[in-house]
Every structure is written in C-alpha cells, then in structure tokens.
Amino acid sequence: MLIAIPCAWSAASTLILLVYAFVLTSDWTNSLRALDLGCGTGAAAVRLARLGIHVTLLDSSATMLALAERTIVEAGGSDKITAKRGDAAQLADIFQTGSFDIFLCHNPLEYVDDPGAVLRGAERVMRDSSAILSVLAPNHAGEVLKAVLQAGDLAAAEHNLTAERGPESLYGGRVLLFTSEAREAILKDASLTINARRGVRVIADYLPAQISRSAGYERIFVLERNLGERREFFGVARFIHCLASCATPGSEGDE
Ligand SMILES: C[S@@+](CC[C@H](N)C(=O)[O-])C[C@H]1O[C@@H](n2cnc3c(N)ncnc32)[C@H](O)[C@@H]1O
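This is a predicted model, so every value here is computed, not measured. (Residues numbered from 1 in each chain as written. Predicted model: local features only at pLDDT ≥ 70, side-chain atom pairs only at ≥ 80, totals over all residues.)

## Some thoughts on the overall build of the chain
1) Next: Along the chain, the regular secondary structure elements total 10 helices and nine strands.
2) Next: A total of 255 residues make up the chain; the buried ones form 40% of that total.
3) Next: Of the contacts formed within the chain by residues at least 6 apart in sequence, a portion of 75% connects residues at least 24 apart. (Helix = DSSP H or I, 4+ residues; strand = E, 2+ residues; numbered from the N terminus. Buried ≥ 20, exposed ≤ 12 C-beta atoms within 10 Å, placed from the backbone. Contact = placed C-beta atoms within 7 Å.)

## What to know about the packing of helix α5 (residues 115-125) against helix α8 (residues 180-189)
1) Next: Orientation of α5 relative to α8, taken along the N-to-C sense of each, is 40°, at an axis distance of 8 Å. The orientation of α5 with respect to α8, classified from their angle, is oblique. Seen along the crossing, α5 lies across α8 with a hand that is right-handed. Of α8, the residues touching α5 (which contributes P115, G116 and L119) are I186, L187 and D189.
2) Next: Across the contact of α5 with α8, the residue classes break down as four nonpolar, one polar and one charged. (Axes fitted to C-alpha atoms, helices over the stretch in contact; angles between N-to-C directions. Parallel < 35°, antiparallel > 145°, perpendicular 65-115°, else oblique. Left-handed = near helix turned anticlockwise from the far one by under 90°. Nonpolar A, V, L, I, M, F, W, Y, C, P; charged D, E, K, R; others polar.)

## Comments concerning helix α2 (residues 43-50)
Along an α-helix, a turn takes 3.6 residues, which lines up residues three or four apart on a common side.
1) Next: All buried positions along α2 are accounted for by A44, A45, V46, L48 and A49.
2) Next: Two residues or fewer past α2, G52 is found with a positive phi of approximately 95°.

## With respect to unusual backbone geometry
1) Next: For S191, which is not glycine, the phi dihedral falls at a positive 60°.
2) Next: Looking at where S191 falls in the secondary structure, it is placed in the loop between α8 and β8 (192-200).
3) Next: Note on S191: 16 C-beta atoms within 10 Å, which makes it partly exposed.
4) Next: For R201, which is not glycine, the phi torsion reads 65° and is therefore positive.

## Overview of the pairing of strand β5 (residues 132-138)
Two faces, one strand: in a regular strand the side chains alternate between the faces of the sheet.
1) Next: Where burial is concerned, most of β5 is hidden: seven out of the seven residues are buried.
2) Next: Burial along β5 is two-sided: the face carrying I132, S134, L136 and P138 and the face carrying L133, V135 and A137 are both buried.
3) Next: Both strand β4 (residues 102-106) and β5 contribute to a ladder of five bridges, which runs parallel. Looking at β5, one finds that L104 is bridged to S134.
4) Next: Regarding topology, α5 serves as the crossover connection from β4 to the parallel β5, and that connection is right-handed.
5) Next: As paired elements, β5 and strand β9 (residues 239-246) share six bridges and run antiparallel to each other. In the strand pairing of β9, S134 is matched with L243. (Pairing = 2+ DSSP bridges. Right-handed = clockwise from strand over helix to strand, strands pointing away.)

## Structural notes on the environment of N139
1) Next: Considering the arrangement of structural elements, one finds N139 in the loop between β5 and α6 (140-149).
2) Next: N139 gets classed as buried once you count the C-beta atoms within 10 Å, which come to 28.
3) Next: When the C-alpha positions of N139 and G199 are compared, they lie 8.7 Å apart, and in sequence the two are 60 residues distant.
4) Next: Excluding its chain neighbours within four sequence positions, the residues that come into contact with N139 are F178, A237, R238, F239 and I240.

## What about the sheet that holds β5?
1) Next: Pairing in this open sheet of seven strands is mixed, and the strands run β3-β2-β1-β4-β5-β9-β8 from one edge to the other. Single-partner strands in this sheet number two, and they are β3 (81-85) and β8. Within this sheet the neighbouring strands show an average axis-to-axis angle of 15°, counted without direction.
2) Next: Helix-sheet contacts for α2 involve β1 (33-37), β2 (54-59), β3 and β4, and the interaxial angle to β2 is about 165°.

## Describing the environment of I186
1) Next: Position of I186 among the secondary structure elements: in helix α8.
2) Next: For I186, a count of 21 C-beta atoms within 10 Å gives the class buried.
3) Next: With 68 residues separating them in the primary sequence, I186 and V118 have C-alpha atoms 9.6 Å apart.
4) Next: Contact partners of I186, with chain neighbours within four places excluded, come to P115, G116 and L119.

Now the structure itself:
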C-alpha cells in the first residue's frame, strides 16, 4: 500500500510548484476544481485543498477511499474535498464535460484495461485548453533496469525487455508498463499535448546500504530532480511524469 507515496514524491512536488504558479497568476483560486483519479492515500488532495482548490477524489477501491478519508481527517478535515467511489473507465458518465481545471492521474493507468479510454475520458472532463493533466505511469525501461539493479535477476531483466506487465506490490498481480512510444501515443490519441515530461525515481530504488534514506533525503531528492529532467537519465526512471493539456487543433506535443 505504501508504494503509492514514494511513486508520487517527485511528481507531486512538481505538480504543487506548477499549481502554485497557476494559483498565483489566477484571480479565481477558490473556484479552481481538481480531480484526483485513483487517489490512493489522499495526500495529494490535502495539499491541493490547502491551496484553496476544490478537490474531488475518485477511486474504485472502498479501502483506499477510507484511507483517504482518514488522511483528510488527520490533516484537520477539509470542506474542499469530496470523495466518490467509481471506475476510471466511467469518467465521462460520472462527471459533466469540462468540470476540472486540474486532473491528477498518478498511477491508476497501469491498473485499467484500456488506459487510452481513460485518457479520452479525462480530456472530456477537463475544462478547456488551460486545464492541466498530470500523469504519472510506470516506465517499461525502468522495470528492466530494476530487475538487474535491485534483485540481481538477469532472467527477469531479459523477460521484462518484452513484457507488457510488471509486478505490483499494492494488490499483488501484474500491472501495465508503458514504453515511451506507448505513453506518447495514448496521450496523443486522446487529443492531449505533452508540455513537460520528467523521470521519477531514477536512482532512489537502487541506493546502496551506506546511504541513509532518512539522513540523505534532501540530497537524494535534489539529485533525483536533476536526473529526472535530463533526457539521458529519465529514459530509465521507474516512472515518467507528464504534464499535458488539451491539444489545440494541429498541435503535436513538444517533440
Ligand atoms: C498506486 S495507487 C496510486 C495512488 C495515488 N494516486 C498516488 O500516486 O499516491 C493506484 C490507485 O488507483 C486506484 N485504482 C485502480 N484501478 C482503478 C480504476 N479502474 N478506477 C479508479 N481507481 C482505480 C487504486 O484503488 C489505487 O488507489
């Protein structure tokens, strides 16, 4: 269950910085609406609500929603957060077209049958071309590297080279992995333009024992942020974080 938190560490902080910029240049902070799809523990929602943003949580798991409710209560409660149980595949049925200014999609895509359909639903419920979509998803190349560096398992690395799915530690089972081509294609097919991309957890999972994660947290974090934005490193990160917006006619993303 705790896997959700480190996945989001760098993506969430990038998003919060971005949202701060958005909020500071906005006269209508209190009317901004965010959707947190696959909300997990609800930690990101609490941070957004503290900025004055109305946040709707959508998750298919009653257990995760209960966990999110607990996070919200422990953070002092918030009348800006609403939780709903529902499936990512049903976005366009659950919400009205153009409902959200900010759409968090941090690690639910790997669990669904048709990630492209979820993103097409996301595009429909985003307000307009000023809305931000923040997508975090597992990176295929990172799974190959992890098998060697973390487990020393050459056979698993060879297998992962062509595997569509990798092991998952939240519910067990296997989840979808996204190659850079697949990731870019599903966003583009959903009429979404990627405005920025970065790697998350480039080295954090492979630190030798002599590095203390708690004592070295700040330095690891800064190094992660540096590596995560450099193309030669982010291609092997465990996760890729993209910020996207609804494509304007004829746009092709930034590559
Ligand atoms: C790995 S957790 C990510 C949690 C959180 N977004 C984060 O980054 O910390 C994945 C979440 O997606 C939810 N989820 C999985 N399949 C879903 C679906 N089809 N519809 C809605 N939520 C789903 C799970 O219940 C879980 O809360």
